[in-house]
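What follows is the residue order along each chain.
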Amino acid sequence: MDQRMTRFKHCDPRFFPYLGKVLDRLPERIREDILNSTTLQVVAGEDLHRSCALRVEFADPVKTLLCFNPIALFEPEHQLIHTIAHELALYVIGEVISGNAEQKAEDLLLEWGFDMEIEAVRYCKAISESKGYRIGYEWAKKQSKDYLLRHFGLYFDEWNEKGLRRISREQLEKVKSEAGTKALLKNQIKTGGAGAIGEPEVPALPRDEAIIAGIMAAVKEIKFQ
């Protein structure tokens with residue numbers, strides 16, 4: 001880890017590995033500007049979101065404050081990497097947040113090589129709104145940690161880093177087999193679980209893949225609790 005990141009004294013240290021991964025992928029000039037800037041600070045911590053009032057002091061005047069909710073640590077790694085890179089892109093652009101600034105930030109992420117994360121986040125956002133996702137998530141939350149890690153831990157790292165779309169077809173079929181997605185879906189529809197009746201499904205997204213996405217999201221929550 002670049003020791004200059006230690007000046008972010010009010011940032012949960014669990015964010016540092018991800019912040020480091022993002023900074024390592026930025027153009028050198030931009031990375032150095034961010035690391036050497038005394039007017040930029042990054043904060044993240046449970047106390048920042050639980051306290052009614054909190055005083056935070058900095059050694060130097062701060063112009064830009066990037067705040068991250070620790071709950072982001074329970075998101076897939078590609079989501080967290082995207083979130084950090086997106087906020088740094090907005091910082092580099094230096095504009096008031098607007099639709100135009102958001103588009104410029106995404107263009108900058110593509111220029112920096114975060115296209116895989118953009119694709120994965122778009123897919124995960126769409127699939128997380130589906131019934132299949134909720135079926136998988138709610139089923140997984142009822143299972144033990146040992147059971148989930150035994151059956152899905154082998155595929156967790158690749159899903160966490162790259163997203164479901166980047167998992168090989170062979171691995172995806174193995175995960176589906178472990179989850180028994182067809183039987184699980186059939187049982188949920190039969191019992192009316194997870195809003196199975198009366199809610200529209202997100203179009204063009206395979207239901208079994210949505211179930212897997214829900215399961216893996218629950219696995220990450222359980223794995224890091």
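Residues numbered from 1 in each chain as written. Predicted model: local features only at pLDDT ≥ 70, side-chain atom pairs only at ≥ 80, totals over all residues. Heavy atoms only, no water.

Helix and strand content of the chain: eleven helices and two strands. Written out in order from the N terminus, the α and β elements of the chain read α-α-β-α-β-α-α-α-α-α-α-α-α. Looking at the chain as a whole, 43% of its 225 residues are labelled buried. Expressed as a percentage of contacts within the chain between residues at least 6 apart in sequence, the contacts between residues at least 24 apart total 72%. (Helix = DSSP H or I, 4+ residues; strand = E, 2+ residues; numbered from the N terminus. Buried < 20%, exposed > 50% of the residue type's maximum accessible area, 1.4 Å probe, protein only. Contact = heavy atoms within 4.5 Å.)

With that settled, the discussion passes to helix α4 (residues 77–93). Across its 17 residues, α4 extends 24 Å between first and last C-alpha, which sits within 8% of the 24 Å expected from 1.5 Å per residue. When α4 is considered as a whole, its buried residues turn out to be E77, H78, L80, I81, H82, I84, A85, H86, L88, A89 and L90. Just downstream of α4 lies G94, where phi reads positive at about 75 degrees. (Expected span 1.5 Å × (residues − 1).)

We now examine the pairing of strand β1 (residues 40–44). Most of β1 is tucked away, with five of its five residues classed as buried. Side chains of β1 alternate between two faces, with L40, V42 and A44 and Q41 and V43 buried alike. Note: β1 against strand β2 (residues 64–68), five bridges, orientation parallel. Residue pairing across strands places L40 opposite T64, the latter belonging to β2. (Pairing = 2+ DSSP bridges.)

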